[in-house]
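So you can see what is in the structure, the chains are spelled out below.
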Amino acid sequence: MRVVIAGGGTGGHIIPALAIADELKSAFAAEMLFIGSPRGLESRLVPQAGYRLELIQVGQLKNVSLMTRARTLLDLPLGIMRCMRLLRDFHPHAVVGVGGYASGPAMGAAILERIPALAFEPNAAPGLANRLVGRWVTGAAVNFAPAARYFRHAQVTGIPVRSEFFRLTPRLAAEPPHLLVFGGSQGARVLNTILPKIAAPLLDAVPGLTILHQAGARHAETTLAAYEASGAPPERWQVHAFLDDMPRRFEAADLVLARSGASTVAELCAAGKPAVLVPFPQAADDHQRKNAEVMAGAGAAKMLIEADLTPSLLEATLRELLDNAAALAAMGERARSLAHPDAALRIAAMVAAMSRRTSKAG
Ligand SMILES: CC(=O)N[C@H]1[C@@H](OP(=O)(O)OP(=O)(O)OC[C@H]2O[C@@H](n3ccc(=O)[nH]c3=O)[C@H](O)[C@@H]2O)O[C@H](CO)[C@@H](O)[C@@H]1O
């Protein structure tokens, strides 16, 4: 079976795509081709994971000027034609669109070439690419039931996460506490600004605590400088632009402070990790808040709204939780009960069922 996986941009699109690819490879010995954009995180993560990647030029449509939008629309037929050529060369049995830049043209090409197309949608409200192709796809895998109405033949599968998240070694009571801070694949300005302000008093109040802070590529230097100027003991904190080995980073953490992007939430559940979530307020249709509300409602996380977030509120929340191992353990267990351990396999099985139909047809 040959499968094309198209899309990317942020980690939230490409990381589940890699989990689907791994499952297709191990369960169905599938051969994969990724189609992405040079601007997306896929240009680094896909070759690193050992998969073949073809890049196409696609512009942006959201949060850009009218001129850029017009150019993107004019370039779209070229993008679709390039994808049609890639599909004719690779002869896939199915195409999976994971949302993000390259997903639209590749799914368009699959529909025109009459190749079965599966859309993957992690959010409660789909992004533009998936909204445009939703009616023409062969099937869809969604994380939230309300997203199903945008697609033909949608199933609620959950979000596939890297399988390592399900197999982490539990923390031991004797280990010094560790806090992981990360703001989605691009970092979160609000966490980058507040954490250095509270690092010194927090480290002082919680004996042995260490902090690992992922700040995002654009803000790593300024965040590092702010920590350096904060007076927090340098051996007890680290700042990174991006963390490549997230399962290991989760394993080492007693508490996670993060945005509530769809994959982040799915990973917290898979790992059974307690969290403090600060939804990104500008996310389309405020979907990060909906993700965090599901977690907070189940007692799996605490949600703090960015508009209300002050250094003292964040410090008090983190201190209280880090001081209460029993509360952390209970939150972690509730998070685990929300996990979808079979998401990757279910999506891979949907792709395989579609592929069999193409094989029979031709
Ligand atoms: C700002 C924005 O529009 N964010 C959207 C984007 O977020 P974003 O890409 O940040 O979203 P997610 O939280 O879904 O995914 C982040 C992924 O990157 C990984 N990671 C992150 C940091 C790091 O250093 N290393 C690393 O591997 C995480 O483990 C996770 O797998 O896509 C998500 C899924 O469509 C949406 O829900 C988010 O609202």
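The structure reproduced in this document is the subject of the present report. (Residues numbered from 1 in each chain as written. Predicted model: local features only at pLDDT ≥ 70, side-chain atom pairs only at ≥ 80, totals over all residues. Heavy atoms only, no water.)

Right, let's talk about helix 7 (residues 220-229) for a bit. Buried residues of helix 7: Ala220, Thr223 and Tyr227, and no others. The buried residues of helix 7 occupy an angular sector of 70 degrees when the element is viewed end-on, so they sit on one face. More than 90 degrees from the buried face of helix 7, the exposed residues found are Glu221, Thr222, Glu228 and Ala229. Next to the buried residues of helix 7 lie helix 6 (189-205), strand 9 (210-214) and strand 10 (237-240). Positioned one or two residues after helix 7, glycine 231 has a phi angle of 85 degrees, which is positive. (Buried < 20%, exposed > 50% of the residue type's maximum accessible area, 1.4 Å probe, protein only. Helix = DSSP H or I, 4+ residues; strand = E, 2+ residues; numbered from the N terminus. Arc of directions from axis to C-beta. Contact = heavy atoms within 4.5 Å.)

The environment of the ligand is made up of 24 residues, and the closest members are Gly12, Leu243, Ser263, Thr264 and Glu267. Measuring from an oxygen atom of the ligand, one finds a side-chain N or O atom of asparagine 123 at 2.7 Å. In this structure, glutamine 214 approaches the ligand through a side-chain N or O atom, which is 3.3 Å from an oxygen atom. Within the residue set of the shell around the ligand, elements represented by two or more residues are helix 1 (11-28), helix 9 (262-271) and helix 10 (287-297). Broken down by class, the residue content of the shell around the ligand amounts to 9 nonpolar, 13 polar and 2 charged. (Near = heavy atom within 4 Å. Polar contact = N/O pair within 3.5 Å; in protein donor to acceptor, adjacent residues only side chain to side chain. Nonpolar A, V, L, I, M, F, W, Y, C, P; charged D, E, K, R; others polar.)

A separate point is the packing of aromatic side chains. Going through the model one piece at a time under the given rule, you end up with 4 aromatic pairs. Ring centres of phenylalanine 165 and phenylalanine 250 lie 5.0 Å apart, and the angle between their planes is 75 degrees; on these two criteria the pair is classed as edge-to-face. With phenylalanine 165 in the loop between strand 7 (154-156) and strand 8 (178-182) and phenylalanine 250 in helix 8 (residues 246-251), this residue pair connects regions lying 85 residues apart in the sequence. Owing to a relative accessible area of 1%, phenylalanine 165 belongs among the buried residues under this scheme. Measuring from ring centre to ring centre gives 5.9 Å for phenylalanine 182 and phenylalanine 250, while their planes differ by 50 degrees; the resulting arrangement is tilted. Highlighted residues: phenylalanine 182 in strand 8 and phenylalanine 250 in helix 8, separated in sequence by 68 residues. In this structure, phenylalanine 182 and phenylalanine 250 share a single accessibility class: buried. An aromatic cluster is present here, built from Phe165, Phe182 and Phe250 joined pairwise through their rings. The cationic tip of arginine 39 hangs over the ring face of tyrosine 101; the distance from NZ or CZ to the ring centre is 4.3 Å. (Phe/Tyr/Trp six-rings, centres within 6.5 Å; stacked < 30°, edge-to-face > 60°. Lys NZ or Arg CZ within 6 Å of the ring centre and 35° of its normal.)

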